[in-house]
Structure formats: structure tokens, C-alpha cells
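What follows is each chain in one-letter form.
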Amino acid sequence: MPCRTTDELNELVQEAKKYTDGGKVADYIPALAKANPEELSVAIFHDDGTCVSAGDIQQKLTLQSVSKVLTLALALIDYGEEAVFDKVGYEPTGDPFNSIVKLEFSPSKPLNPMINAGALAVTHMIKGKDADERFERILSFIQELAGNSSIGFSHEVAQSEYETSDLNRALCYFLKQHGVIDEDVEELLKVYTKQCAIEMDCLDLARIGCVFSMDGLEPVTNRRLIPAHVARLCKTFMVTCGMYNASGEFAVRVGIPAKSGVSGGIMGSVPNRFGIGILGPALDEKGNSIGGIKLLESMSAKYKMSMF
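S.K.: What's the story with the sheet that holds strand β8 (residues 265-270) in this structure? I'm lost.
M.R.: Spatially, the 6 strands line up as an open sheet ordered β1-β3-β2-β9-β8-β7, and their pairing is mixed. Every other strand in the sheet has two partners, leaving β1 (4-5) and β7 (258-260) as the edge strands with one partner each. With 3 bridges joining them, β7 and β8 adopt antiparallel strand pairing. Counted as the bridge partner of K259 is M267 from β8. Packing against the sheet, helix α13 (residues 290-303) makes contact with β2 (41-46), β8 and β9 (274-279), and its axis sits at approximately 150 degrees to β9.

S.K.: Where do I start with helix α1 (residues 7-17) in this structure?
M.R.: Because each turn of an α-helix spans 3.6 residues, side chains separated by three or four positions in sequence point in the same direction. Buried within α1 are the following residues: L9, L12, V13 and A16. Projection of α1 onto a plane perpendicular to its axis shows the buried side chains occupying an angular sector of 100 degrees, all on one side. Structural note: α1 exposes D7 and E11 on the side pointing more than 90 degrees away from its buried face. Buried-residue contacts for α1 involve β2, β3 (51-54) and α13.

S.K.: Whenever I open this one, the packing of helix α5 (residues 116-125) against helix α9 (residues 185-196) confuses me. Can you help?
M.R.: For the pair α5 and α9, the least separation of the axes is 10 Å and the interaxial angle reads 110 degrees. Classified by the angle their axes make, α5 and α9 are roughly perpendicular. When α5 is examined against α9, the residues N116, A119, L120, T123 and H124 are found in contact with a partner set consisting of L188, L189, V191, Y192 and Q195. Considering only residue class, the contact of α5 with α9 consists of 6 nonpolar, 4 polar and no charged.

S.K.: Please clarify how the nonpolar core should be interpreted in this entry.
M.R.: A general trend in soluble globular proteins is that nonpolar side chains are found buried together. Counting 80 residues, the largest nonpolar core has L70, I198, I208, F212, I226 and M267 as the members making the most contacts within it. The residues contacting I198, other than those within four sequence positions of it, are L61, T62, L63, F135, I138, L139, I142, I151, G152 and F153. Counting 24 residues, the second-largest nonpolar core is a separate cluster that includes L9, I276, M299 and M305.

S.K.: It is not clear to me how unusual backbone geometry should be interpreted in this structure. Could you clarify?
M.R.: Excluding glycine, most residues fall at negative phi; most peptide bonds, likewise, are trans. Even without glycine at this site, N272 takes up a positive phi of about 65 degrees. Residue placement: N272 occurs in the loop between β8 and β9. Of note in the backbone geometry, K304 takes a positive phi value of approximately 50 degrees without being a glycine. Structurally, the position occupied by K304 is in the segment after α13.

Analysis parameters
Residues numbered from 1 in each chain as written. Predicted model: local features only at pLDDT ≥ 70, side-chain atom pairs only at ≥ 80, totals over all residues. Heavy atoms only, no water. Pairing = 2+ DSSP bridges. Helix = DSSP H or I, 4+ residues; strand = E, 2+ residues; numbered from the N terminus. Contact = heavy atoms within 4.5 Å. Axes fitted to C-alpha atoms, helices over the stretch in contact; angles between N-to-C directions. Buried < 20%, exposed > 50% of the residue type's maximum accessible area, 1.4 Å probe, protein only. Arc of directions from axis to C-beta. Parallel < 35°, antiparallel > 145°, perpendicular 65-115°, else oblique. Nonpolar A, V, L, I, M, F, W, Y, C, P; charged D, E, K, R; others polar. Core = buried A, V, L, I, M, F, W, Y, C linked by side-chain atoms within 4.5 Å.

Fair warning: the whole summary comes from geometry, so function is off the table for now.
Below, the structure written as C-alpha cells:
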């Protein structure tokens, strides 16, 4: 079903675009440095299958850290809550997403699954006989959530991230030293960098967000894709940790479960109403889309989205 564009939503996008000058693209990953910092687009996918949009929603984005929520859901389906949270904690952190600091104080368990150390521990748990099979399971799961079997990944972005992943390598070796992971670090990084490079458009992202908003049910058909308790757990982490170390302020100003990535993508889930997919590559100092945050603040006020 095609999205319709509304003047109201387009006006909100145009207003939020004014803030993109204050951000910068994630140029520390060479492939992401090519993004247009002025881009800002949004799709809203409702639980009845209808959608509205503004901007170029066919522009592709790589999931980056948005993928952390999706691999967490898959790991919870595979192993259950007790096993997963034996490896990662529940607690938010005020540190940057790629920080190693908290591991020094709690070496046996990353604080939560939304920081890089925690996400690497979760990806380590994905079932499969080798890196290729594990990645294919992640990709197939995401294709099912989006209702789009053509979703793939950007080889360029995956390779670019793999070649510049020295900090993530350091995190992996730290985790391996303390028994959180027990596989070859390079094999884990192959899965993780491909996972982050999974590519889709805003409509795909909004549709996945809608699945979470409906506690794991597929919009329109009501087919269950994620157990309800798993979807609720993931949304809780989106609220407490999903917007990096700006999650508290985001909860106050917007008030919905959301997860961002350094490609400028944001996936939002307004409980029992709709999913949101945003692309805005210009990032603020925390690594969140600067235009996307402003847009969500305006949308939350106009459409009364906050769950609080």
C-alpha cells in the first residue's frame, strides 16, 4: 500500500530540517560520510496498514544501532530472558554508546544490550553454525518483520565498518577475556558489521516499528511475529537506552520507545497506534539524528504521542 503525503506532516519536516545545519554525518565510518546531511524524511505506518509520509522515504538507510533491538528480540526468542540477561544487564548508562569505561567496573556483564559491548554479547548468542548462517538468520528475521523479502545489506558499509572497527575489537577482546563471549573476535565482527549494514527505507523501518507498537503482531493480519513479552522487553530498552546517552531527555520531550543509529535512522513505536521510520543523517553530539529528534518532538506535541 503506497504512503500518502500530508501537508501537515510535510510542514513539520520542513521546520525540523532547519536544524540539520547544526549536525554532521558519521564521517568516522568512511561509507557513511557520503550521506547528504540535509536529508530528512519520515514514514508513519498505522496498525491498519495505512501510512503517511513526508520527504524521500525511498532513500535507503543502514540500520546501524537500530539493529540492536532486533537482534535482542531474536536472541530472546532463541534463548529466553534468563539466559540473555545472564550475559547483559538491564541498566542505562550515561556514557557514550561505544565506551569501555563501565566494563572496567562490571567486566563480567555489559550494562545493557543497547551499548556496543552489550550488542556484541547479544550478537554472539545468535544461533548458527558459522558467521554466514548467523547473519542470514538475522536478515531473514528482519525481512519478516518488515514484510519485505528484498531487504539486504550494503557490502560497502559493512566492509567500511569492519575495517574501522578497532574500538569494537577492543570491546570484544575485553568481553572474551572475562568470559562473556568465547568465539573468534573476527568472526563475531563479521556478523556484527553486516548486521549494522542491513539496508532498508523509512517505510520498512516504520513497519517494523509498528510490529513492536502492537506487542509483536504483524499489522493488518495480526499474525504473531514476536512473543508479546519479548516485544515489551525490547520497547522498555528503547525507552531507557534507545537514544544513547540522551535517552532520558528524549523520554521527557518525546515519550515513546525509539532506537537510533548513526546512519541517521530512528525507529519509533507509539504503543497500540503506529510505527515511525525516520532518516536524517546529520547527527548531534550524542549520535542521534538532529533533525529527526526535532521532528519527533514536534510530532509528539501535535499527535499526542507520549506514553507518559
